[in-house]
Structure formats: C-alpha cells, structure tokens
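This is what each chain is made of:
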Amino acid sequence: MNIKDIVRTIPDYPKPGIMFRDITTLLGNAQAFRRTVDELVQPWAGSKIDKVAGIEARGFILGGAVAHQVSAGFVPIRKKGKLPFETVRIAYSLEYGIDEMEMHKDAIAPGEKVILVDDLIATGGTAEAAVKLMQNIGAQVVAACFVIDLPELGGRAKVEALGVPVRTLVEFEGH
Ligand code: AMP
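Residues numbered from 1 in each chain as written. Predicted model: local features only at pLDDT ≥ 70, side-chain atom pairs only at ≥ 80, totals over all residues. Heavy atoms only, no water.

Observations concerning the nonpolar core
Alright, step 1. Core analysis: the largest hydrophobic core is formed by 28 residues, its most contacted members being Leu-26, Val-52, Val-66, Ile-115, Val-117, Val-147 and Ile-148.
Alright, step 2. Elements with a contribution of two residues or more to this core: α1 (3-6), α2 (24-27), α3 (30-40), α4 (58-69), β7 (113-121) and β8 (140-149).
Alright, step 3. Ranked by the residues each element gives to this core, the list is headed by β8, at five residues.
Alright, step 4. The contacts of Ile-148, once residues within four sequence positions are left out, are Val-7, Arg-21, Ile-23, Asp-119, Leu-120, Ile-121, Val-170 and Phe-172.
Alright, step 5. Leu-116, Ile-121, Ala-127 and Ala-144 belong to the second largest nonpolar core, which has 27 residues in total. (Core = buried A, V, L, I, M, F, W, Y, C linked by side-chain atoms within 4.5 Å. Buried < 20%, exposed > 50% of the residue type's maximum accessible area, 1.4 Å probe, protein only. Helix = DSSP H or I, 4+ residues; strand = E, 2+ residues; numbered from the N terminus. Contact = heavy atoms within 4.5 Å.)

Regarding the pattern of salt bridges
Alright, step 1. Counted according to the given criterion, the structure contains 13 salt bridges.
Alright, step 2. Across the pair Glu-56 and Arg-78 runs a salt bridge whose closest N-O atoms are separated by 3.0 Å. Within this pair, whereas Glu-56 is found in the loop between β3 (51-55) and α4, its partner Arg-78 is found in strand β4 (residues 73-79), the two being separated by 22 residues in sequence.
Alright, step 3. Residue classification places Glu-56 among the buried residues on the basis of a relative accessible area of 16%.
Alright, step 4. A salt bridge links Arg-58 to Asp-119, with the nearest nitrogen and oxygen atoms 3.1 Å apart. (Salt bridge = Lys/Arg side-chain N within 4 Å of Asp/Glu carboxyl O.)

In structure tokens form, the structure reads like this:
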C-alpha cells in the first residue's frame, strides 16, 4: 500500500493552477489512515510527548489520532474568534492579505513538549505561525509532522529555521 497513491488530486481547486491534494480518500481507508498516523510519529515513539497541536481543520483529524497514539493531550489551533476561553493570537500572511490564528492561553504549559500536526506543508506560513504561537508561550516544539510536502514551495526550511525538525511522508511536485 502506497500512501501517495491514496491521496486524491483535484486539479484547479479551489482556483485555476492549484493541484488540491485531498486527504479524505486517505482518511476513509482504514489501513492507510492507521499507517499514516503510525508513520507520522514513528521517530518519537517512546518519547514523552505532552501535547499534540493540530491546525484547523484537517490537522484536527490527524492530530487527534496522533495524540491518542502517543498518549498525549490534544490542542486545537483555530482561526480567530472560534475558541471560547482566553486566547493567545498570532497574525500570518496568506497569499492575499493577512489572517490570524489562536489557541487557548492555558492549552500548553511552559516547557511542555509538543508535536505540531497538519495535513500538508506548502509555503510553510501556516506552520511557521503555529510554531511561533506555541514558542511564544514557552512550549518546547519538538517536531512538526505533515503527511504531504510540496518541496518546491520551501516550507520545510521556514519551520526548521525555528529549531523545529520537520517530518513529512510523501512529496508532490508543484503547487
Ligand atoms: P502553507 O501555509 O502555504 O504551508 O499552506 C498550508 C495550509 O494550506 C495547510 O493547512 C494545507 O491544508 C493548505 N494547503 C495549501 N496548499 C494545498 C494544496 N495544494 N492542497 C491541499 N491543501 C493545501
């Protein structure tokens, strides 16, 4: 079984020129879903991880499963205005304009070891902001894990520049 073959590609979605890498086909395949979760955290199996943080929305699905797998708590990182308690917030650039993401200010205690999870890293802007948000409150981000890397967009280097190792399982060319 090849994880890459189970990711579905939708050309020109959500706009012309984008090859959308759809992981719902992977999530829907019991064997592939289990193997993806196992492989994502394989380097940290046996390490003490306190929290797994997932980026809204696909990072919640993978991150929840990963948290269970490593016996850690789960922390949602969400678009602004969605979380009910007091939050910490960070702004980050999108292709057009700026957005903000948040997490609860008590979600991670200073010094806790955290793994960040999302489905895909492209330019790395989203993951970079999530790492900074957690580092700002004293979290020790020990890794950032993604099923898919788009290496031409250079996201990995952005996250590694923050001192965080990046793990990815499959690569696709282009955007
Ligand atoms: P970036 O901040 O550029 O690394 O973008 C990463 C975020 O955008 C992730 O949450 C992805 O789910 C989403 N994303 C970016 N490009 C794609 C793509 N080609 N296919 C599917 N999702 C994408």
